Amino acid sequence: MRKPMMAGNWKMNKTINEAVDLARAIREQVNDVDNVDRVVCPPFIDLPMVSSELMGSNIAVGAQNMHWEASGAFTGEISAPMLKNLATYVILGHSERRQFFCESDETVNKKALAALAAGLTPIICVGESLAQNEAGETQAFVSGQVKAALAGFTAEQMADIVIAYEPIWAIGTGKAATAQQANDICGGVVRQSVGELLGDEAAATIRILYGGSTNDKNIREIMEQPDIDGALIGGAALKVESYASMVQQTSEVYAAA
Ligand code: 13P
């Protein structure tokens, strides 16, 4: 069985002190929920303090982006080797990065290869816009994103890759996809595409998260879906009450399964 994951993408929120306080509160509340992987992804500048706050805990730390080169003349960028002792995961190709910072399928692929080579687990984001959704282009577009992101990877490496399906129309809008819709794309498009590219075993191994307006009200039904292995949580991950509740509910769903 794939282990479920509740990953919080804090985006551009939390000063260093606020980040440490939130990390401490999360540790206090969900350190012992062993059947769920718990990951917090604060801004770069918060990583050293959050990572130190969570040292020795069962809560993992992720970054929100990285450059594909190990070092060099790339002003303002951060590389995988720099993240190595601060983070175990890295979010790549979030739709906000694709939309506002010109990230392409090609750069997401280069970053994913570099992350894994450096020992970081990539959380690769895919997802269609509202216009694409309404035009009936979701399947072809998301499948294309998945296959482009995974170019050059082996089937065995899928155990160390996470994909997050985040429809852009559901992010920060309060309008989550229905659990059924989310499962249909996570299974019928994302997992299916991994299978077409790398075989059935790879498809059965890879963890696929849903993201987009998840919260403590809708997480249970989402986590009951067979092809959804977790959530990449935005707003609801910024408060310990909602995040801890989502972790607890996921734990209950999997304990009963
Ligand atoms: P919200 O949960 O705030 O909709 O954000 C989702 C997201 O973009 C996580 O990466």
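Residues numbered from 1 in each chain as written. Predicted model: local features only at pLDDT ≥ 70, side-chain atom pairs only at ≥ 80, totals over all residues. Heavy atoms only, no water.

Novice: Would you take a moment to explain the packing of aromatic side chains for this structure?
Specialist: Working definition: an aromatic ring pair is given by the centre-to-centre distance plus the angle between the planes. Under the defined criterion, the tally for this structure stands at 1 aromatic pair. Here Tyr-165 and Tyr-210 contribute two aromatic rings whose centre-to-centre distance is 6.4 Å and whose plane-to-plane angle is 55°, an arrangement assigned as tilted. Here Tyr-210 lies in strand S7 (residues 207–210) and Tyr-165 lies in strand S6 (residues 162–165), a separation of 45 residues in the sequence. As far as the burial class goes, Tyr-165 and Tyr-210 line up, both buried. Here Arg-97 stacks its cationic end above the ring of Phe-101, 4.2 Å away from the centre of that ring. (Phe/Tyr/Trp six-rings, centres within 6.5 Å; stacked < 30°, edge-to-face > 60°. Helix = DSSP H or I, 4+ residues; strand = E, 2+ residues; numbered from the N terminus. Buried < 20%, exposed > 50% of the residue type's maximum accessible area, 1.4 Å probe, protein only. Lys NZ or Arg CZ within 6 Å of the ring centre and 35° of its normal.)

Novice: What's the story with the pattern of salt bridges in this structure? I'm lost.
Specialist: Side chains bearing opposite charge may pair, as long as their charged atoms lie close to each other. Under the defined criterion, the tally for this structure stands at 14 salt bridges. Residue Asp-37 pairs with Arg-207 through a salt bridge whose shortest N-O separation is 2.8 Å. One end of the pair, Asp-37, is in strand S2 (residues 37–41); the other, Arg-207, is in strand S7, and 170 residues separate them in sequence. Taking relative accessible area as the criterion, Arg-207 reaches 13% and is therefore assigned buried. The salt bridge partner of Lys-111 is Glu-103, with a shortest N-O separation of 2.9 Å. The pair formed by Lys-111 and Glu-103 is uniform in burial state, with each residue classed as buried. (Salt bridge = Lys/Arg side-chain N within 4 Å of Asp/Glu carboxyl O.)

Novice: So what exactly am I meant to see when it comes to unusual backbone geometry here?
Specialist: Note: most residues except glycine have negative phi, and most peptide bonds are trans. Although it is not a glycine, Lys-11 adopts a positive phi angle of roughly 50°. Among the secondary structure elements, Lys-11 is positioned in the loop between strand S1 (5–9) and helix H1 (16–30). Given the relative accessible area of 21%, Lys-11 is considered partly exposed. The phi dihedral of Cys-102 falls on the positive side, at around 60°, and the residue is not glycine. As for its position among the elements, Cys-102 is in the loop between helix H4 (95–100) and helix H5 (105–117).

Novice: Could you clarify how one ought to interpret the site of the ligand in this entry?
Specialist: If you check the shell around the ligand, you find Asn-9, Lys-11, His-94, Glu-166, Ala-170, Ile-171, Gly-172, Gly-212, Ser-213, Leu-232, Gly-234 and Gly-235 and nothing else. Between the ligand and the protein, one listed contact pairs an oxygen atom with a backbone N or O atom of Gly-172 at 2.6 Å. Taking Ser-213, its main chain carries an N or O atom lying 2.8 Å from an oxygen atom of the ligand. If the ligand stood free it would expose 310 Å²; the protein chains cover 95% of that surface. (Near = heavy atom within 4 Å. Polar contact = N/O pair within 3.5 Å; in protein donor to acceptor, adjacent residues only side chain to side chain. Areas by Shrake-Rupley, 256 points an atom, 1.4 Å probe, with all protein chains shown as cover.)

Fair warning: the whole summary comes from geometry, so function is off the table for now.
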